[in-house]
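Breakdown of the fold
Here's the letter readout for the chains.
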There are 2 protein chains.
Amino acid sequence: MGRKRLQDAADGRPTVHTVAARAGVSIASASRVLNGIGGSAETVRRVREAAAAVGYVPNAIARSLQAQRTGLIALAVEDIGNPVYVAMMRAIEAVVAGSGHQLLVHATGGNVAGETALLRRLAHRYVDGMIISPIRVTDAHVEALTASPVPVVVVGQLPEEVPVDNVRADSRTGIALAVDHLVAAGRTRIGFVNGPLDTVPGAARDAGFRAAMARHGLAVDPATVEVGDFQYAAGRAAAERLLDRTEPDAIVCANDLIAVGALHALLVAGRRVPEDVALVGMDDTELAQMSFPQISSVSLGSAERGQLAAGLLLDRIADGTLAPRREHVAPSLAVRASSGGVR
Amino acid sequence: MGRKRLQDAADGRPTVHTVAARAGVSIASASRVLNGIGGSAETVRRVREAAAAVGYVPNAIARSLQAQRTGLIALAVEDIGNPVYVAMMRAIEAVVAGSGHQLLVHATGGNVAGETALLRRLAHRYVDGMIISPIRVTDAHVEALTASPVPVVVVGQLPEEVPVDNVRADSRTGIALAVDHLVAAGRTRIGFVNGPLDTVPGAARDAGFRAAMARHGLAVDPATVEVGDFQYAAGRAAAERLLDRTEPDAIVCANDLIAVGALHALLVAGRRVPEDVALVGMDDTELAQMSFPQISSVSLGSAERGQLAAGLLLDRIADGTLAPRREHVAPSLAVRASSGGVR
DNA sequence: TTGTAAGCGTTATCAA
DNA sequence: TTGATAACGCTTACAA
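Residues numbered from 1 in each chain as written. Chains lettered and ligands numbered in written order. Predicted model: local features only at pLDDT ≥ 70, side-chain atom pairs only at ≥ 80, totals over all residues. Heavy atoms only, no water.

Under the annotation held in an unreviewed UniProt entry, chain A carries the name LacI family transcriptional regulator and is attributed to Phytohabitans suffuscus.

What follows is about the overall build of chain A. For chain A, the helix and strand inventory stands at 13 helices and twelve strands. If one aligns the C-alpha atoms of chain A with their principal axes, the spans along those axes are about 85 × 40 × 30 Å. Burial statistics for chain A: of 343 residues in total, 54% are counted as buried. For chain A, long-range pairs separated by at least 24 residues make up 66% of all intrachain contacts whose partners lie at least 6 apart in sequence. A total of about 14,000 Å² of accessible surface is found on chain A, and carbon and sulfur atoms cover 53% of it. Distance from the positive charge centre (34 side chains) to the negative charge centre (35 side chains) of chain A: 9 Å. (Helix = DSSP H or I, 4+ residues; strand = E, 2+ residues; numbered from the N terminus. Buried < 20%, exposed > 50% of the residue type's maximum accessible area, 1.4 Å probe, protein only. Contact = heavy atoms within 4.5 Å. Areas by Shrake-Rupley, 256 points an atom, 1.4 Å probe, with all protein chains shown as cover. Lys, Arg positive; Asp, Glu negative; His and termini not counted. Charge placed at Lys NZ, Arg CZ, Asp CG, Glu CD.)

Before going further, it helps to examine the sheet that holds strand β6 (residues 190-194) of chain B. By way of backbone hydrogen bonds, the strands of a sheet pair with one another, either parallel or antiparallel. All names here are of chain B. A sheet is described by the order of its strands in space; here six strands give the open sequence β7-β6-β8-β9-β10-β12, paired in mixed fashion. Strand pairing shows two members of the sheet lacking a second neighbour, β7 (225-227) and β12 (332-334), which therefore form its edges. Within this sheet the neighbouring strands show an average axis-to-axis angle of 20 degrees, counted without direction. On the sheet, helix α9 (residues 200-215) packs against β6, β7 and β9 (278-282) and is oriented at approximately 170 degrees with respect to β6. Along the sheet face, helix α10 (residues 232-245) touches β6, β7 and β8 (250-253) and points at about 150 degrees away from the line of β7. (Pairing = 2+ DSSP bridges. Axes fitted to C-alpha atoms, helices over the stretch in contact; angles between N-to-C directions.)

The next point concerns the sheet that holds strand β1 (residues 72-77) of chain B. All names here are of chain B. If you trace the six strands from one edge of the open sheet to the other, you get β2-β1-β3-β4-β5-β11, paired in parallel fashion. Only two strands of the sheet have a single neighbouring strand rather than two, namely β2 (102-107) and β11 (326-328). Averaged over all pairs of adjacent strands, the angle between their axes in this sheet comes to 15 degrees, without regard to strand direction. Pairing of β1 with strand β3 (residues 129-132), which is carried by four bridges, proceeds in the parallel orientation. Opposite Ile73, over in β3, you have Gly129 as the bridge partner.

Before going further, it helps to spend a moment on the nonpolar core. A:Ile251, A:Cys253, A:Leu279, B:Ile251, B:Cys253 and B:Leu279 are the most contacted members of the largest nonpolar core, which totals 52 residues. Every element with two or more residues in this core is listed here: α10 (232-245), β8 (250-253), α11 (256-268) and α12 (286-290) of chain A together with α10, β8, α11 (256-268) and α12 (286-290) of chain B. Here this core takes nine residues from α11(B), the largest share from any one element. (Core = buried A, V, L, I, M, F, W, Y, C linked by side-chain atoms within 4.5 Å.)

So, in structure tokens, the structure goes:
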């Protein structure tokens, strides 16, 4: 800028220089006192007084530049409207708050181009690290992930060889939990409403469903399987299509948003839940408990995954040389009224 | 630090110096080319080539320090789990993305100390501006608000004299819309489940309810009014208490979370909705449409408020001398099955 | 303990 | 068009 160094900032707010001048000490002394390192009693007193008098507040950006950290951690999820991500976010926030970090939330819409662009933007170092939960993992992801100069933790499946900290759920087993439960309750005509098969969770849940059905010696009639996206409206529409074609005595849904949509479709169609059709969702979000009847749901441990991911990330931010780690969270089933539990 | 100036950054990543050295030009020329201003054809070519070769990416923090802006806008809401705030956030994001800003979301929990601390932290200038939607407004808020060196827009009621950009809904009239609708449908024993009366929206909705009832010549039996917080669980519990005491033929709820809770309580109690009891919520969130029956809800224009707030904020960031503005968004009623509409 | 000055990585000014 | 250099506001190494 070439402008002569003034005490105050360009916008007139006090800087260390302002405080130092007022206290009659050097900026170094002022800075030290302000950071609680050293200083004679007299210096401390005068700097504190000066700082208070002018209402000095350190500039976060300047401090970031010097410290080489922003104090920000990014969280990239597909859909911020899905309560499962809210739960995860809360768990992450609780952990990172302890290290003085703030959460920057990105909603990616599951868009591959957007996600990789986000990963590439990490090179700008606008955050100290990122937790990302991609529902599709492409080569572009893997490339951007490994090239990132900033620590990244992936929540979700990732190819074995990718050297990135990783927390994964087991939705395959989760779906099995749901199927086992329904079969044990005597249901045999089990429908399945899934998300897109070209997504990692969609593929895993499809495989899990088919494996579990096979294990029970139950054939999977193509007419009883429907696919939409992971949203309420798609779930409802998919369930409607399914009910048009078949007469299931149970429906497993790939997440709670879909399950709530399916419940809607069932009730509109005049089916009693669980008497005529049992229903099981996945993610075990608040939505499952807010519905009537309450919806049984497979918990994939969203809060725990968030907590673990945050821990991995903070560890790596503290020490970038750590070997990549991989954590697993086991699924569990919350049985509620929609599948015959206690209402 | 006293360390000799190296070309690469401390972490080994390329800087403008790296690029300049490789291209054989000054950092000034390199910077200019990188920012697309001037440079001879030859210089441009060499700088571009050097930048590509070393994989140069500008450092966001250094840029922020120089530009005196972070590119970040904070959004502070009470509860990120409430879909109404998700809708608002999406609307805001759509606007601020256009000016290259990112959203930093804070969940305040409606905590006064936390909110004022947040406002005071603005002095650190870690964001370019903030949109805050406090459910309580104290003197501490007003003080922090007016003292903020960074533009702030308040979504919600604010004392007239506070010179801050402000977007407000009219929940008083909104509640009237609900009551009018129920009265027109022949309901007379109208219950009300509200949030805390010491919150701004809680107080406005209480006043609105009483005024509307009075206008219709209906007495407000204290037994038909319940108060909890603005959450699902509280709404359900409050509705249960209300049903223990009285036999309403309609219930108005202060938001959709409460309405979903009340719906649950009604169905558990064996009431038919809307035949026995009509139900109207507020905020017109996805939740209202996802319920069965779908819940009529008063829209307070959350997306529109978010959009307006973002516009006000961007305008003020561009020109801090603007006179404070105040925008109003009118409520409207979405009639659905829960109050006798088409199912 | 204190002050001087370098440096964080960038952009902008100004003279050549 | 170009380069030297100051400046953004802060922390810290080093010498006094």
